[in-house]
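Residues per chain are reported as follows:
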Amino acid sequence: MPRLNVPPTKSNLFQYKEQLAVAKEGFDLLQQKRDILVMELMRMLERVKLLESELYSFSAKAYASLRKTLLSVGRETIQEISQGIRYEFTVKERSVKVAGLTLPSVEVKPPSVSLQYSLMDTYTHTDETMAIFLEYLKIIAELASVRTMVWRLAKEVKKTQRRVNALEKMVIPDTSETVTYITAVLEEREREIFFIQKMLKSKREAMA
């Protein structure tokens with residue numbers, strides 16, 4: 001691996017040894033963070049699968065009920081009834097803590113089912129269809145919220161993995177190579193100094 005282009009001094013050796021220790025500690029922490037994020041992502045993906053299955057089930061149930069209502073009451077009557085129905089959904093933005101991260105989410109509170117049309121020319125199918133579609137919309141909103149968190153979590157996993165790769169493949173090897181190089185140069189200098197001092201001592205003793 002390429003080493004960093006720095007003078008081989010004791011101060012640089014101390015500095016890069018500290019940087020290497022910090023990089024290795026950061027690498028371990030980022031690995032732990034990535035593993036936790038991946039586990040949480042897998043858990044939330046399972047939640048998405050369950051919600052999707054529930055959504056498909058409700059979709060079939062809701063449209064089957066709607067078809068039954070259309071056959072029983074008639075399309076024109078249903079259109080007249082629908083024009084007078086107003087339901088207010090409460091939508092709130094909220095933050096959710098997931099694996100130490102604050103992720104945006106949406107909380108949807110469906111309205112309570114209430115009678116908003118005349119009892120004349122309607123059947124129980126109308127009430128059933130209304131209740132089923134309100135529940136259907138609730139599942140759609142929950143699924144959208146969870147999918148949003150999954151997307152943000154996946155983005156965070158990718159960003160963390162890039163940082164892990166940078167430390168593992170560049171920062172730690174380069175810093176380690178630099179420490180090895182500086183250490184080798186300083187040791188060689190010490191050997192040279194020791195050899196020169198030994199020669200000078202021998203020369204003095206010979207002259208004496």
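Residues numbered from 1 in each chain as written. Predicted model: local features only at pLDDT ≥ 70, side-chain atom pairs only at ≥ 80, totals over all residues. Heavy atoms only, no water.

Novice: Explain the overall build of the protein chain here, please?
Specialist: In terms of helices and strands, the protein chain carries three helices and two strands. N-terminal to C-terminal, the α/β element order of the protein chain is α-α-β-β-α. Counting all 208 residues of the protein chain, 30% fall into the buried class. A separation of at least 24 residues holds for 80% of the contacts in the protein chain among residues at least 6 apart in sequence. Within the structure as shown, the protein chain displays about 14600 Å² of accessible surface, and the carbon and sulfur contribution to it stands at 57%. (Helix = DSSP H or I, 4+ residues; strand = E, 2+ residues; numbered from the N terminus. Buried < 20%, exposed > 50% of the residue type's maximum accessible area, 1.4 Å probe, protein only. Contact = heavy atoms within 4.5 Å. Areas by Shrake-Rupley, 256 points an atom, 1.4 Å probe, with all protein chains shown as cover.)

Novice: For this particular structure, what's the right way to read the nonpolar core?
Specialist: Buried together is how nonpolar side chains tend to be arranged in soluble globular proteins. Counting residues in hydrophobic clusters, the biggest one holds 21 residues, and the most contacted among them are Met-44, Val-98, Leu-103, Val-146, Met-149, Val-150 and Leu-153. Counting only elements with at least two residues in this core, the list comes to α1 (10-73), β1 (90-98), β2 (101-109) and α3 (124-207). Discounting chain neighbours no more than four positions away, the residues touching Leu-103 are Arg-94, Ser-95, Val-96, Val-98, Met-149, Arg-152 and Leu-153. Listed in part, the 13 residues of the second largest apolar core include Leu-30, Leu-167, Ile-182 and Leu-186. (Core = buried A, V, L, I, M, F, W, Y, C linked by side-chain atoms within 4.5 Å.)

Novice: Where do I start with a nonpolar patch on the surface in this structure?
Specialist: Where nonpolar side chains cluster on the molecular surface, the patch consists of Phe-195, Ile-196, Met-199 and Leu-200 and spans about 400 Å² of accessible area. With respect to the helices and strands, the residue Ile-196 is situated in helix α3. For Ile-196, a relative accessible area of 48% gives the class partly exposed. (Patch = residues over 30% accessible without salt bridge, like charges linked within 9 Å, V, L, I, M, F, W, Y side chains within 5 Å. Salt bridge = Lys/Arg side-chain N within 4 Å of Asp/Glu carboxyl O.)

Novice: Would you mind going over the pattern of salt bridges with me for this structure?
Specialist: Here the idea is simple: oppositely charged side chains can pair when their charged atoms come close. For the structure on display, the rule yields eight salt bridges. A salt bridge links Arg-43 to Glu-40; the nearest nitrogen and oxygen atoms lie 2.5 Å apart. Pair noted here: Arg-43 and Glu-40 are both in helix α1, with a separation of three residues, about one helical turn. Overall, the relative accessible area of 18% leaves Glu-40 in the buried class. Note that Lys-49 is salt-bridged to Glu-46, the shortest N-O span being 3.7 Å. Here the residue Lys-49 and the residue Glu-46 both occupy positions in helix α1, the gap between them amounting to three residues, near one helical turn. The partly exposed category is assigned to Glu-46, whose relative accessible area is 45%. Salt bridges sharing partners connect three or more residues here, namely Lys-33, Glu-156 and Lys-159.

Novice: Explanation requested: the side chain of Thr-129 in the structure shown.
Specialist: Here Thr-129 lies in helix α3. Within the structure, Thr-129 has its side chain in polar contact with the side chain of Ser-65 (distance 2.6 Å). Apart from residues lying up to four places away in sequence, Thr-129 is in contact with Ser-65, Leu-66 and Thr-69. (Polar contact = N/O pair within 3.5 Å; in protein donor to acceptor, adjacent residues only side chain to side chain.)

Novice: Looking at this structure, how should I read α1?
Specialist: Since the α-helix turns once every 3.6 residues, residues separated by three or four places project in the same direction. Helix length check: α1 (64 residues) gives 90 Å between terminal C-alpha atoms against 94 Å at 1.5 Å per residue, within 8%. In the segment just after α1, Gly-74 is the residue with positive phi, at about 105°. (Expected span 1.5 Å × (residues − 1).)

Novice: For this particular structure, what's the right way to read the environment of Ala-184?
Specialist: In this structure, Ala-184 sits in helix α3. Accessibility expressed as a relative area gives 41% for Ala-184, which makes it partly exposed. Sequence spacing of Ala-184 and Pro-8 is 176 residues, and the spatial spacing of their C-alpha atoms is 9.0 Å.

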